[in-house]
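The residues making up each chain are set out below.
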Amino acid sequence: MLVLLGFAMIAVFMVLIMTKKLTPVLALIIVPTVFGLFAGAGLGIGDMVLDSMKSMTSTAALLMFAIIYFGLMIDVGLFDPLVRFILRKLGNDPAKVVLGTAVLAAAVSLDGDGSTTFILTTAAMLPVYLRLKMSPVVLTCVAGLANGTMNILPWGGPTARAASALNLSVSDVFVPMIPSLIAGLVVVFVFAWLLGLQERNRLRATAPEIWDSADTFDGGTSPAGSGTGRFGSGRTGSGPAGGAAAAGSPSAGGSSVAVLERPEGLVDEHDSAMADTALDPNRATLRPKLQWFNLGLTVAIMALLVADLVPLPFVFMVGSAIALLVNFPKVKDQGAQLVAHAPSIVAVVSMVMAAAVLTGVLNGTGMVKAMSEWLVAIIPADMGPFMAVITGVLSIPMTFFMSNDAFYFGVLPVLSETAAHYGISAADMARASITGQPFHLQSPLVPAILLLVSLAKVDLGDHHKKVLWRTAVVSLVMLAVGVLTGAIGIG
């Protein structure tokens, strides 16, 4: 009976989320409560949930203050010099443009918000792609690859979900996976460079009137939007791919590349959102005089994250407090910054707290134990020691066709309990489960990817044709590196 109730609860939970009948937070609360009562939990269900919630408070604190910190760093302009540097160095070389897109997307992904990453990356790079007649599908592919790989960061969501579902420390899950993250990023940059070379060759063959095949793509002879170089005398990118001159470039009357404005034909409902991002050079929250301080503080926090000397929630608590105090000395401004990031905080932290209901009922009623014993009985004994690797491979398609909430809170606990019978730790299972995130981020169930293709005016099917097999490769490389480094064990 517990096995049937357990699988039925997970199935109902997944269906309600995937069909958008309930939000993840409501489904995490209502569905387990109903099934827990059917399982005979009675009034004891409250204690089950509270016991589970106690183990998730540190995760909720980490997410809350990490969102505040990186949101604040974007507001004060920490990443603005990187954006300007990338745009200044790209020139007209498609290979450099695509690689720069990957670097920019990976850097902005540090805030853990896919939507912000895609808004910033698209606003900065799409005008360049259009002016050079490059395919916007390449932009969405590279941005999706970079953001999906960076999505295993502790404050990105999946790692926190895996840790919460298995009652683990977030740092125990993430820190051993840093080599896998680095390997994944290397593969992303390789893919970006190869895609850039393909675009360079395609443009030489298909647009000889614009691209001088006898010229080299050194990217340094004509700044973006200058109206010289590849476009010929007097051409500034007007026409089908025009209107993308860089503010501050020679064609815009300034001295340096700062912000690229979108062509008039691409103005849509997202432009107002872009005006409030790090691409707005006139926003009131900029703190250029504190650039080096903010960079040093961020580097120090990253060093503490890797060293794991102090609990991560406390690191981000202190970091956020220092950043707010130094950048916004006035109490009114500090409060405004906290309010500005409140929507993101509420969405993530409420999800973590609501997850305590599902994990509490699964564990408190004995459903997880009963389900794992059933799985052990049907899994061939010779495959048991490879449960972590199997979980990593399964996470690729499963997180594409279902939400992270459904996979990490519904499926992972059952797989982890099963793996325990073969001597595989919960930490190994959690690490393996996050390797499918590069693939997951391309799912139509992820709102951020829909925003990306919308901003770039790209068909989702075209995006999938170019990105899916590449993200599968990135995920498998991350899994393989995890196994080789011992982060993902074999029983």
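All values reported here derive from a predicted model rather than from experimental measurement.

### Let's talk about the overall build of the protein chain
Thought 1: In terms of helices and strands, the protein chain carries 23 helices and two strands.
Thought 2: Counting all 491 residues of the protein chain, 56% fall into the buried class.
Thought 3: If you take every contact in the protein chain between residues at least 6 apart in sequence, the share linking residues at least 24 apart comes to 77%.
Thought 4: Carbon and sulfur atoms make up 69% of the accessible area of the protein chain, which totals about 19100 Å².

### What about the side chain of Asn327?
Thought 1: As for its position among the elements, Asn327 is in helix α14 (residues 312–327).
Thought 2: For Asn327, a relative accessible area of 1% corresponds to the buried category.
Thought 3: Here the side chain of Asn327 touches Asn294 through a polar contact of 2.9 Å, side chain to side chain.
Thought 4: Residues in contact with Asn327, not counting those within four places in the same chain, are Met73, Val76, Arg287, Leu290 and Asn294.

### Here's the deal with the pattern of salt bridges
Thought 1: Tallied over the entire structure, the rule returns three salt bridges.
Thought 2: Among the salt bridges present, the one from Arg200 reaches Asp93, with a minimum N-O distance of 2.8 Å. Residue Arg200 is located in helix α11 (residues 178–206), and its partner Asp93 is located in the loop between α5 (80–90) and α6 (94–108); the two are separated by 107 residues in the primary sequence. Take Arg200 and Asp93: they sit in the same class, and that class is buried.
Thought 3: A salt bridge links Glu199 to Arg202; the shortest N-O distance between them is 2.9 Å. Of this pair, Glu199 and Arg202 both sit in helix α11, three residues apart, which is roughly one turn of that helix.
Thought 4: Accessibility expressed as a relative area gives 33% for Arg202, which makes it partly exposed.

### A closer look at the packing of helix α19 (residues 404–420) against helix α20 (residues 426–433)
Thought 1: Across the interface, α19 lies against α20 with an axial gap of 9 Å and an inter-helix angle of 135°. In terms of their interaxial angle, α19 and α20 are classed as oblique. By crossing handedness, the relation of α19 to α20 is classed as right-handed. Only Ala426, Met429, Ala430 and Ser433 of α20 make contact with α19, whose side of the interface consists of Phe407, Tyr408, Leu412, Leu415, Ser416 and Ala419.
Thought 2: Its residues assigned to classes, the contact of α19 with α20 comprises eight nonpolar, two polar and no charged.

### Observations regarding a nonpolar patch on the surface
Thought 1: Nonpolar side chains collect at one region of the surface, where Phe293, Phe314, Met317, Val318, Ile322, Leu325 and Val326 lie side by side and expose about 550 Å² of accessible area between them.
Thought 2: With six residues, α14 is the single largest residue contributor to the nonpolar patch.
Thought 3: Here Phe293 is to be found in helix α13 (residues 291–307).

### A few points about the side chain of Thr391
Thought 1: On the secondary structure map, Thr391 appears in helix α18 (residues 387–401).
Thought 2: Look at Thr391 and you get buried, because its relative accessible area is 0%.
Thought 3: Once residues within four sequence positions are removed from consideration, Thr391 is found in contact with Leu412, Leu415, Met429 and Ser433.

### Looking at unusual backbone geometry
What is expected of a backbone is that most residues other than glycine have negative phi and most peptide bonds are trans.
Thought 1: Unusually for a residue other than glycine, Asn167 sits at a positive phi of about 55°.
Thought 2: Mapped onto the elements, Asn167 comes out in the loop between α9 (158–165) and α10 (170–174).
Thought 3: Positioned with a positive phi, Lys457 is a non-glycine residue whose angle comes to about 55°.

### Structural notes on the packing of aromatic side chains
Thought 1: For the structure shown, the criterion picks out four aromatic pairs.
Thought 2: Centroid distance Tyr69 to Phe316: 6.2 Å. Interplanar angle 65°. Geometry classified as edge-to-face. Note that Tyr69 is positioned in helix α4 (residues 57–76) and Phe316 in helix α14, a separation of 247 residues in sequence. With respect to burial, Tyr69 and Phe316 carry one shared label: buried.
Thought 3: Ring geometry for Phe407 versus Tyr408: centroids 5.1 Å apart, planes at 85°, classification edge-to-face. Here the two residues Phe407 and Tyr408 agree in accessibility, since each one is buried.

### Here we look at the confidence of the model for the protein chain
Thought 1: In this model, the protein chain carries an average pLDDT of 78, and 82% of its residues clear a pLDDT of 70 or more.
Thought 2: Below pLDDT 50 for its whole length, residues 213–278 participates in 126 contacts with residues either more than four positions away or in separate chains.

### Let's talk about the environment of Leu297
Thought 1: Within the element layout of this structure, Leu297 appears in helix α13.
Thought 2: Residue class for Leu297 comes out buried when judged on its relative accessible area of 13%.
Thought 3: Once residues within four sequence positions are removed from consideration, Leu297 is found in contact with Tyr69, Gly319, Ile322 and Ala323.

### Describing the environment of Ser433
Thought 1: With respect to the element layout, Ser433 can be found in helix α20.
Thought 2: In the structure, Ser433 is positioned 45 residues away from Ala388 in sequence and 7.9 Å away in space, judged by C-alpha atoms.
Thought 3: Every residue in contact with Ser433, bar those within four places of it in the chain, is listed here: Ala162, Thr391, Ser395, Phe407, Tyr408 and Leu412.

### Re α19
Thought 1: Helix length check: α19, at 17 residues, gives a terminal C-alpha distance of 22 Å against a target of 24 Å (1.5 Å per residue), a fit within 8%.
Thought 2: In terms of residue burial, α19 counts as a mostly covered element, since 15 of its 17 residues are buried.

### So, the environment of Met302
Thought 1: Of note, Met302 is situated in helix α13.
Thought 2: Between the C-alpha atoms of Met302 and Leu312, which are 10 residues apart in sequence, the distance is 10.0 Å.
Thought 3: Sequence-distant contacts of Met302, defined by excluding residues within four places in its chain, comprise Phe70, Trp155 and Phe316.

Parameters and conventions
- Residues numbered from 1 in each chain as written.
- Predicted model: local features only at pLDDT ≥ 70, side-chain atom pairs only at ≥ 80, totals over all residues.
- Heavy atoms only, no water.
- Helix = DSSP H or I, 4+ residues; strand = E, 2+ residues; numbered from the N terminus.
- Buried < 20%, exposed > 50% of the residue type's maximum accessible area, 1.4 Å probe, protein only.
- Contact = heavy atoms within 4.5 Å.
- Areas by Shrake-Rupley, 256 points an atom, 1.4 Å probe, with all protein chains shown as cover.
- Polar contact = N/O pair within 3.5 Å; in protein donor to acceptor, adjacent residues only side chain to side chain.
- Salt bridge = Lys/Arg side-chain N within 4 Å of Asp/Glu carboxyl O.
- Axes fitted to C-alpha atoms, helices over the stretch in contact; angles between N-to-C directions.
- Parallel < 35°, antiparallel > 145°, perpendicular 65-115°, else oblique.
- Left-handed = near helix turned anticlockwise from the far one by under 90°.
- Nonpolar A, V, L, I, M, F, W, Y, C, P; charged D, E, K, R; others polar.
- Patch = residues over 30% accessible without salt bridge, like charges linked within 9 Å, V, L, I, M, F, W, Y side chains within 5 Å.
- Phe/Tyr/Trp six-rings, centres within 6.5 Å; stacked < 30°, edge-to-face > 60°.
- pLDDT = per-residue confidence, 0-100.
- Expected span 1.5 Å × (residues − 1).

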